[in-house]
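Listed below, chain by chain, are the residues.
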Amino acid sequence: MAANMYRVGDYVYFENSSSNPLLIRRIEELNKTANGNVEAKVVCFYRRRDISSTLIALADKHARELEEEMENSEMADLPEKQKHQLRHRELFLSRQLESLPATHIRGKCCVTLLNETEALKSYLDREDAFFYSLVYDPQQKTLLADKGEIRIGNKFQADITDLLNEDEEDGRDLAKLEEKIWDPNSSLTEKQIDQFLVVARSVGTFARALDCSSSVRQPSLHMSAAAASRDITLFHAMDTLHTNGYDMTRAIAALVPQGGPVLCRDEMEEWSASEANLFEEALEKYGKDFTDIQQDFLPWKSLTSIIEYYYMWKTTDRYVQQKRLKAAEAESKLKQVYIPNYNKPNPNQLSNSVKPALLNGAAGSNVPGPLGSGQTPGLGRACESCYTSSSYQWYSWGPPNMQCRLCASCWTYWKKYGGLKMPTRLDGERPGPNRNTLSPHGLPLRHSGSPKFAVKTRQAFFLQTTGATRLARRLCEDIIRPRYLARHPYLPVNTAAIKAECALRLPDRPKKPSELKPVERKPLESVVRYLEAHPRPSKPNPPTRGGSISTGSLTPIKSSPILNNGSPTILGKRSYEQHNGLDGTKSKALTPQWDIMAKRVSDVGRPSVSLQDEIHEVD
């Protein structure tokens with residue numbers, strides 16, 4: 001019962017997609033809508049996979065600097081697996097608020113500010129434990145250090161001296177360690193001090209009457225007298241009395257120097273009404289984060305002035321009134337909500353009737369399909385994370401065309417922590433349905449050192465193959481079917497099965513493989529001489545009158561020039577999928593311009609038969 005009761009301030013999991021990891025949020029409010037549903041106003045936390053690689057590099061740099069400052073090499077001593085899993089526990093706080101249905105809550109978690117005195121490994125030992133140290137701004141795409149960090153260490157704590165013995169004297173000069181600002185054993189009585197304070201308030205009231213700006217802010221006498229009775233006036237009066245050696249005559253003369261009476265004003269009196277409204281608005285948004293309040297709302301005010309105004313503002317009737325209003329609103333809002341366990345089946349669940357050989361690119365010998373002949377079933381690994389082949393429940397994971405799956409334990413880890421348990425070479429790649437970020441046949445590609453491990457569709461790359469790979473292409477050509485794979489570059493290839501088959505066939509083949517059939521090609525000079533002797537015939541001019549072709553009949557064809565000088569062997573502009581054979585049939589909308597022209601211009605401009613025969617001889 002208590003596990004399903006969610007209150008304001010709890011850190012919870014939210015599910016917005018059946019295949020993506022759970023969202024981590026902090027409940028700020030629980031509101032009941034008009035139709036009776038409960039909505040939660042939450043603060044957003046982001047994972048490493050949710051921010052750009054540039055900001056991830058910045059976060060890693062901040063972690064290294066923090067580790068050097070703490071002189072702690074714990075992160076370097078961790079195994080690679082624990083380093084990988086520790087990255088899944090790091091979150092980034094944001095100021096972004098959003099409203100989500102409370103029925104999407106999937107459980108509780110714990111998020112804490114990174115404690116410098118606590119070992120990082122302790123987060124791995126606890127289930128559903130996360131930490132954060134940086135604040136992420138989704139609009140500005142920036143990362144900043146959290147101002148609420150716990151300041152522990154020699155930089156922030158005073159050095160405590162050893163305890164003195166009973167007869168031991170303190171050798172320090174106490175006059176240098178402190179400054180005396182008031183002497184309670186002076187010659188003045190309490191009545192005389194109170195009389196001097198009344199004189200100081202009267203001088204402050206008169207000074208406000210002479211000041212133009214103060215007369216506008218406090219137009220009445222009682223408002224000026226109330227402002228003159230604030231602590232700033234009393235502090236100045238007592239400091240003046242102490243400075244003049246508690247001589248009343250000299251102290252009163254100091255209150256009214258030659259230029260006029262002294263006017264003392266604090267931050268409550270210095271701020272205008274519009275600035276006070278901005279401060280209250282900023283306080284509602286950022287809380288007591290005075291640095292953000294200064295940067296976004298009051299950049300012309302100093303940080304000291306804002307902090308001083310805050311503590312004076314808390315003593316006003318305005319603060320008491322707002323506190324009562326917030327308490328009344330909190331009484332009307334929900335304190336907690338009960339959400340039952342979510343027991344509906346996940347759409348990514350795989351039925352037990354699915355053969356393991358069909359997953360992770362492992363196609364068995366009895367499975368019909370382009371890669372189903374001659375391969376040994378069950379050689380592909382089962383779980384993409386822990387490589388186990390047995391689980392009571394399997395879940396599809398990643399792009400649908402890759403046919404990857406996770407076991408029940410790894411699926412729960414993926415949903416909670418947003419990553420796989422084991423580090424992989426494709427750790428930086430974020431799985432998704434967009435095949436433009438996939439490598440052909442699921443093979444790793446060598447790229448140009450870009451921080452993002454993603455292959456752009458029109459970026460040049462090359463596959464680095466070994467001698468064993470080239471040999472396997474020759475020995476297992478009937479299984480690989482390279483021409484078919486060239487036309488379908490995103491079909492998964494079971495490399496494990498091909499290696500096993502190659503190992504079986506290798507002893508039966510001769511040690512030196514047969515050479516490729518040589519192709520006789522004519523030298524370039526003869527081709528150039530032939531092209532000079534047989535220039536391309538000029539196009540005949542279209543008939544001006546009475547012709548069968550008119551410009552109105554060519555409206556479906558764009559007037560842009562045909563590529564490669566109109567060669568009939570080079571198609572017009574085609575999509576990337578057509579160039580790579582991803583679509584089996586040619587789209588009618590992308591019919592080459594040469595073919596359309598050939599249908600409309602029947603025999604006009606057609607070369608002679610003998611010329612076509614000579615062209616074929618050169619080819």
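Preceding this section is the structure that the text describes.
Since the model is a prediction, treat every value here as computed from it, not as a measurement. (Residues numbered from 1 in each chain as written. Predicted model: local features only at pLDDT ≥ 70, side-chain atom pairs only at ≥ 80, totals over all residues. Heavy atoms only, no water.)

Draft legend 1. Seen up close, the state of the cysteines. For the structure on display, the rule yields zero disulfides. No disulfide involves Cys383; its sulfur sits 3.6 Å from that of Cys386, the nearest cysteine. Classification of Cys383 as buried rests on a relative accessible area of 0%. (Disulfide = S-S within 2.5 Å. Buried < 20%, exposed > 50% of the residue type's maximum accessible area, 1.4 Å probe, protein only.)

Draft legend 2. Spotlight on unusual backbone geometry. Backbone geometry places Asp128, a non-glycine residue, at a positive phi of 60 degrees. Along the chain, Asp128 falls in the loop between helix H4 (121–125) and strand S7 (129–137). In the Ramachandran plot, Lys141 falls in the positive-phi region, its phi being about 55 degrees despite a non-glycine side chain. (Helix = DSSP H or I, 4+ residues; strand = E, 2+ residues; numbered from the N terminus.)

Draft legend 3. Region of interest: empty space enclosed by the protein. Summed over all chains, the structure comprises two cavities of 30 Å³ or more. Here the largest cavity is characterised by a volume of approximately 70 Å³. If you go around the largest cavity, the residues you meet are Ala200, Val203, Gly204, Arg208, Thr233, His236, Leu255, Val262, Leu263 and Cys264. Among the elements of the structure, helix H6 (190–210) and helix H9 (231–243) are those that each provide at least two residues to the lining of the largest cavity. No other element matches the four residues that H6 contributes to the lining of the largest cavity. Class assignment for the residues of the lining of the largest cavity results in six nonpolar, three polar and one charged. (1 Å grid on protein atoms, 1.4 Å probe; cavity = no way out; pocket = protein on both sides within 12 Å on 5 of 7 lines; lining within 4 Å. Points joined across faces, edges and corners; volume = space filled by probe spheres on them. Nonpolar A, V, L, I, M, F, W, Y, C, P; charged D, E, K, R; others polar.)

Draft legend 4. Region of the structure containing the pattern of salt bridges. Inspection of every chain in the model, using the stated rule, returns 18 salt bridges. Across the salt bridge formed by Arg265 and Glu270, the nearest N and O atoms sit 3.6 Å from each other. On the basis of relative accessibility, which here comes to 33%, the residue Glu270 falls in the partly exposed class. One network of salt bridges, in which partners are shared, links Glu15, Arg106 and Lys415. (Salt bridge = Lys/Arg side-chain N within 4 Å of Asp/Glu carboxyl O.)

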